[in-house]
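# Structural description and commentary
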Amino acid sequence: MLELLQRIFRRDSYKTSKDVAHERLRLVLMHDRLDLSPKVLDELRTDLMNVIKEYMVIDEKSMEINLEKDQNCVALVANIPVIRMKRLPNS
Amino acid sequence: MGEVFVITSGKGGVGKTTTTANIGTALAMLGYRVVLVDADIGLRNLDVVMGLENRIVYDLVDVAHGRCRLRQALIRDRRFETLYLLPAAQTKDKNAINPEQMKALCEEIKKECDYLLVDCPAGIEQGFRNAVAGADRAIVVTTPEVAAVRDADRIIGLLEASEIRNPLLIINRIRPKMVRTGDMLDVDDVIEHLAIELLGIVPDDESIIVSTNKGEPAVLNPHSKAGEAYRNISRRITGEDVPLMNLENGEGFMDRVRRLLGLRTS
Ligand SMILES: Nc1ncnc2c1ncn2[C@@H]1O[C@H](COP(=O)(O)OP(=O)(O)OP(=O)(O)O)[C@@H](O)[C@H]1O
Ligand SMILES: [Mg+2]
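Residues numbered from 1 in each chain as written. Chains lettered and ligands numbered in written order. Predicted model: local features only at pLDDT ≥ 70, side-chain atom pairs only at ≥ 80, totals over all residues. Heavy atoms only, no water.

### Here we look at the side chain of Asp 59 of chain B
Residue and element names in this part refer to chain B. Mapped onto the elements of the fold, Asp 59 is located in the loop between α2 (46-50) and α3 (60-64). Buried charge Asp 59 goes without a salt bridge, the closest partner of opposite sign being Arg 44 at 4.1 Å. Looking at Asp 59, its side chain comes within polar contact range of the main-chain nitrogen of Val 61, at 2.9 Å. What Asp 59 contacts, discounting residues up to four positions off in sequence, is Arg 44, Ala 73, Leu 86, Pro 87, Ala 88 and Ala 89. (Helix = DSSP H or I, 4+ residues; strand = E, 2+ residues; numbered from the N terminus. Buried < 20%, exposed > 50% of the residue type's maximum accessible area, 1.4 Å probe, protein only. Lys, Arg positive; Asp, Glu negative; His and termini not counted. Salt bridge = Lys/Arg side-chain N within 4 Å of Asp/Glu carboxyl O. Polar contact = N/O pair within 3.5 Å; in protein donor to acceptor, adjacent residues only side chain to side chain. Contact = heavy atoms within 4.5 Å.)

### Focus: unusual backbone geometry
All names here are of chain B. Backbone geometry places Asn 166, a non-glycine residue, at a positive phi of 50°. The class for Asn 166 is exposed, based on a relative accessible area of 56%. Residues other than glycine seldom take positive phi values, yet Arg 173 does so here, at roughly 65°.

### Considerations on the side chain of Thr 181 of chain B
Relative to the helices and strands, Thr 181 of chain B resides in the loop between α8 (176-180) and α9 (187-194). Among the residues examined, Thr 181 of chain B registers a relative accessible area of 14% and is labelled buried.

### A closer look at the pattern of salt bridges
Applying the stated criterion to the full structure yields 16 salt bridges over all chains. Residue Arg 67 of chain B is joined to Asp 62 of chain B by a salt bridge in which the shortest nitrogen-to-oxygen separation is 2.8 Å. With relative accessibility at 12%, the residue Asp 62 of chain B sits in the buried group. Glu 112 of chain B serves as the salt-bridge partner of Arg 71 of chain B, at 2.6 Å between the closest nitrogen and oxygen. In this pair, Arg 71 of chain B sits in helix α4 (residues 70-73) while Glu 112 of chain B sits in the loop between α5 (99-110) and β5 (115-119), placing the two residues 41 residues apart along the sequence. One continuous salt-bridge network, built from bridges that share partners, spans Lys 18 of chain A together with Asp 186 and Asp 189 of chain B.

### Topic: the sheet that holds strand β8 (residues 197-203) of chain B
Residue and element names in this part refer to chain B. Pairing in this open sheet of eight strands is mixed, and the strands run β3-β4-β2-β5-β1-β6-β7-β8 from one edge to the other. On the outer flanks of this sheet lie β3 (75-76) and β8, each paired with one strand and no other. Direction of pairing for strand β2 (residues 34-38) relative to strand β4 (residues 83-86): parallel, over a ladder of four bridges. Among the inter-strand pairings, Leu 36 is bridged to a residue of β4, identified as Leu 85. Against the sheet, helix α7 (residues 146-161) contacts β1 (3-8) and β6 (137-142), and its axis sits at roughly 165° relative to β6. (Pairing = 2+ DSSP bridges. Axes fitted to C-alpha atoms, helices over the stretch in contact; angles between N-to-C directions.)

Spelled out as structure tokens, the structure:
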């Protein structure tokens, strides 16, 4: 019954082919643009490291960052071993 | 000193040659001195779309290799005396010309015209590198389809890498009816993805096929919607502020009923 109603009032839940195209484009462009050069990835890594170093001592050599992709999303995954926390002013 | 525009797309068949012919003709109609260069070596097309195929003696590669002078290879349009075409060679040799030669050629031509338009081949290989070598600016043509927009995105990245900044976008072959029923990406969708400046929109229009059959660009036909779109685009290129055209020419009865009921067709 609900399905029938939805089919009659195809407004919110019904996806037009344009909506599908829009979403597919979003994902495909994200994947295409993710093809970062090693140089850019290296810069990102250095920047990230410098920010984190303000708060904690990390094991820079075993730090790993990666862009992980699956079908529906992309994540920036970082694995950064912390050696010691810095004593921050208001803690 | 003229300005060199490369008309490019990545994906094939989205309307680069049609766009080059129409913008070039419209600029000449406005009185500008225009040279069209067909950089699609081996797949010469622009001459046919312009209706100038019977007048070719020399081509781009002949000029680049010094087998003739530039003046001898330029074909003057039948309709406008400030409009010229430099045809592509029909050779199979992909390396018949290199980016340095192309750049030198553009430098030479732009001294004597207001606009030089380079019709780029599809793809991102040597032909693309040649076509962009002498360009000051780029016009990226796409259609409202996933594959075409995706390739346009690649091309925009490559243009940036070749130091051609701020490319302009033309969205070609829009079907207003399909946009209305939710079955075609609309202008805003495409711009949201590509994030570059919109130069114009062109409807999917049978008059393009008729004009290509005759070798008379659609801008010459006062009744052609696509022709009007290209005339608007050309005026924008010259710096005039022209509003985007309304592609709707009256919706059908059923469309109106559907719209009033808030229904979409599937
Ligand atoms: N707005 C339009 N309405 C209808 N047909 C169009 C439109 N634009 C282009 N076409 C048609 O699409 C086909 C491809 O156009 P065109 O040759 O200009 O594309 P192209 O990008 O130069 O192709 P290629 O990559 O092969 O060089 C032609 O048959 C042309 O007539
Ligand atoms: Mg072409």
